[in-house]
Amino acid sequence: MNDRIRTDIAHNARVWNYWLGGKDNYPVDREVGDRVTSFHPGIGEVARADRAFLGRAVTYLAAEAGIRQFLDIGTGLPTADNTHEVAQRVAPDARVVYVDNDPIVLTHARALLTSAPEGVTEYVDADAHDPEEILAAAGRTLDFGRPVAVLMLGILNFVLDTAEAGRIVRTVMGALPPGSHLVLTHPTYDAELGGEANVAAMEFWNAHATPPITARSRAEFASFLEGLELLEPGIVSCARWRAPQAPEVAQYGAVARKN
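None of the values given here were measured: they were computed from a predicted structure.

On to the side chain of His84, then. Residue position: His84 is located in helix α4 (residues 83–90). Reaching out from His84, the side chain makes a polar contact with the side chain of Thr114 at a distance of 3.0 Å. Other than its neighbours up to four places away in sequence, His84 contacts Val96, Tyr98, Ala111, Leu112, Thr114 and Thr121.

Given below as structure tokens:
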């Protein structure tokens, strides 16, 4: 076992896996996951809605926007319909680079490195706080002269300083050409999405699990998309992005284009 993996404290990647019905988790993850659910009974729906949003967004980008390169930052543990599976179902020649610095994810990375014969998948062990390193490593697989779709799903909430989170986004998107896209999700405390439940849930999480997390307002979320063209339907609950009848969850989602 990787000696960086601790099984005595709950970890986001494993708890998220538990909420998604996976098996890559430990008793401490299930215990904390159940306690968080007691504060926020809809947290499992948030996890599933976020995953479904990924599927709809990547399908749109590959099928309608013609994107053939994907940079998935903050990959998480493999589950069903990972980014390369969704993209290569539409476009077998799609190239996908996954980025995470979590040793738990790293041990499972081989499951992400399958690919359609025409395409490529690669895994980069790098920290979201170091976008320059991410770009240098991803540039060995992706052609930054052609459009790239960047996915940051549920990752900026682990960057506690909002200015730093914005710098990360600007650095990555600034290195990419017009036609590139940014796909974001982020939890919120905003009452219009039922975010009040996140307050106690995140306080408990930060006291009993790792890494620490924060929620952000709609305005803070929107700040990460400044300078980009928001695609319809704009900033919405991720459950409702191009699925207008779905029940809302307290997680914003958006897709934007660099012009």
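Let us now look at the pattern of salt bridges. Counting across every chain of the model gives seven salt bridges. Here Arg89 ties to Asp81 by a salt bridge, and the two come within 2.6 Å at their closest N and O atoms. By relative accessible area, Arg89 is classed as exposed at 56%. In this structure, a network of salt bridges that share partners links the residues Glu132, Glu164 and Arg167.

Grouped together as the largest cluster of nonpolar side chains are 88 residues, with contacts concentrated most on Phe70, Leu71, Ile73, Val150 and Met152. The leading source of residues in this core is helix α3 (residues 43–63), at 11 residues.

How each quantity is defined
- Residues numbered from 1 in each chain as written.
- Predicted model: local features only at pLDDT ≥ 70, side-chain atom pairs only at ≥ 80, totals over all residues.
- Heavy atoms only, no water.
- Helix = DSSP H or I, 4+ residues; strand = E, 2+ residues; numbered from the N terminus.
- Polar contact = N/O pair within 3.5 Å; in protein donor to acceptor, adjacent residues only side chain to side chain.
- Contact = heavy atoms within 4.5 Å.
- Salt bridge = Lys/Arg side-chain N within 4 Å of Asp/Glu carboxyl O.
- Buried < 20%, exposed > 50% of the residue type's maximum accessible area, 1.4 Å probe, protein only.
- Core = buried A, V, L, I, M, F, W, Y, C linked by side-chain atoms within 4.5 Å.

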